[in-house]
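For reference, the chains in residue letters:
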Amino acid sequence: MAKRTGLVDKEFVINSPIPQQTKTYTPIAHQFVIDTALESLKAKGFVVTTEMYIANLNANVASGKYLLNFGDDPEMGMLFAWSNSYDKTMRFKCAIGAYNKNNMNAMVSALMGNYNRIHKGSADKDAQSEILNQVTNAELYYDELMRDKEVMKKITIDKKQVAQLLGRIYLEHNLLTDEQMAIVKNEYFKPTFDYGAAGNSLWTFYNHILYSLQKSHPRDWMEQQTMIHWFICKEMDLLKSVIVPVVQEVEDNQLTIMDQLKEMGVEENINTEGLDS
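Bear in mind that the values here come from a model prediction, so they are computed numbers and not experimental data.

Asks: Please clarify how the pairing of strand β2 (residues 48–55) should be interpreted in this entry.
Replies: Side-chain positions along a regular strand alternate between the two faces of the sheet. Sheet topology note: the strand β1 (residues 7–8)/β2 ladder contains two bridges and is antiparallel. Its bridge partner being in β2, Val 8 is matched across the sheet by Tyr 53. Two strands pair when backbone bridges link them, and β2 and strand β3 (residues 61–68) are joined in this way by seven bridges, in the antiparallel orientation. What sits directly across from Met 52, in β3, is Lys 65. Where β2 hands over to β3, the hairpin turn is made up of five residues, of which Ala 59 adopts a positive phi near 60 degrees.

Following this line, the structure appears as structure tokens:
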């Protein structure tokens, strides 16, 4: 995994040199994403209380999270997140999600509120359109996450189930790094935070994983989180009918989220009806 620098200021992200557009590559400027997201959120009446940015050493890969003043849930607030690259290592991604007010764990639904787009053709215009779409449907995606939270709180899992789930996430699906696995283990046996549920609840275990993802590279965290959320919901029979966005203009050497879900054996319960390709 590439080196990470952790939190950076907005100017560091904006000032990263933008690569030239070619016939096969359309850059999406970090500043364009930032401006579009903040303007769209403001236009829909959301108040951004905190802006957070993470980038690698030269900001070729960057991610932003905007904490929003929304809802009355005492534990979870709403966030908008995006990830973008100039070095062709990942697609542009954005999502409406939630965050834990106690420790900033970020949570994105099982792909219902998640979008990613490769940097080709009209990628910049498509990204702008999707940011607005995400913000327009923000309450729907947030409510979905709050329902997942309440269901997870009611589910009790023992040590054997924890070992099975965590082992498959780590060994079978490669969705956690060695460092993150160690964090989950430490949190399981000696929790740092109280998640408003029993220590043996699915919600508490799930949050141990979310806490470990704070160590993710900005290129990886959103995909790790959505895939883990999907996997846990599927294995614990929480899935209903989740809408999965269709990725446009996929290159042969790039796996879409749909491809990865099929590799994980969770292609059932996927509803793509009514989505434009």
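Asks: Would you mind showing me how to read the nonpolar core here?
Replies: Looking at soluble globular proteins, one finds that nonpolar side chains tend to be buried together. Phe 80, Trp 82 and Ile 232 are the most contacted members of the largest nonpolar core, which totals 60 residues. Ranked by size, the runner-up nonpolar core spans nine residues in total, among them Leu 67, Leu 79, Tyr 99 and Met 222.

Asks: Explanation requested: the side chain of Thr 226 in the structure shown.
Replies: Relative to the assigned elements, Thr 226 resides in helix α8 (residues 221–235). A polar atom in the side chain of Thr 226 sits 3.1 Å from the backbone oxygen of Glu 223.

Asks: Looking at this structure, how should I read unusual backbone geometry?
Replies: Across the chain, the bulk of peptide bonds are trans and the bulk of non-glycine residues have phi less than zero. Positive phi, normally seen in glycine, also occurs at Ala 59, with a value near 60 degrees. Take Ala 59: it is sitting in the loop between β2 and β3. In this structure Ala 59 comes out as buried when scored by relative accessible area, which is 0%. Within the chain, Asp 237 stands out as a residue other than glycine whose phi angle is a positive 60 degrees. Along the chain, Asp 237 falls in the loop between α8 and β8 (242–243).

Asks: When you look at the packing of aromatic side chains in this model, what are you seeing that I'm missing?
Replies: One pair of aromatic rings is described through two measures. These are the centre distance and the angle between the planes. Within the structure shown, the criterion is met by nine aromatic pairs. Look at Tyr 66 and Phe 80: their rings are 6.5 Å apart centre to centre, the planes differ by 5 degrees, and that puts the pair in the stacked class. Here Tyr 66, found in strand β3, pairs with Phe 80, found in strand β4 (residues 76–85); they are 14 residues apart in sequence, far enough to count as distant. Like Tyr 66, the residue Phe 80 is buried in the burial classification.

What counts and what doesn't
- Residues numbered from 1 in each chain as written.
- Predicted model: local features only at pLDDT ≥ 70, side-chain atom pairs only at ≥ 80, totals over all residues.
- Heavy atoms only, no water.
- Pairing = 2+ DSSP bridges.
- Helix = DSSP H or I, 4+ residues; strand = E, 2+ residues; numbered from the N terminus.
- Core = buried A, V, L, I, M, F, W, Y, C linked by side-chain atoms within 4.5 Å.
- Buried < 20%, exposed > 50% of the residue type's maximum accessible area, 1.4 Å probe, protein only.
- Polar contact = N/O pair within 3.5 Å; in protein donor to acceptor, adjacent residues only side chain to side chain.
- Phe/Tyr/Trp six-rings, centres within 6.5 Å; stacked < 30°, edge-to-face > 60°.

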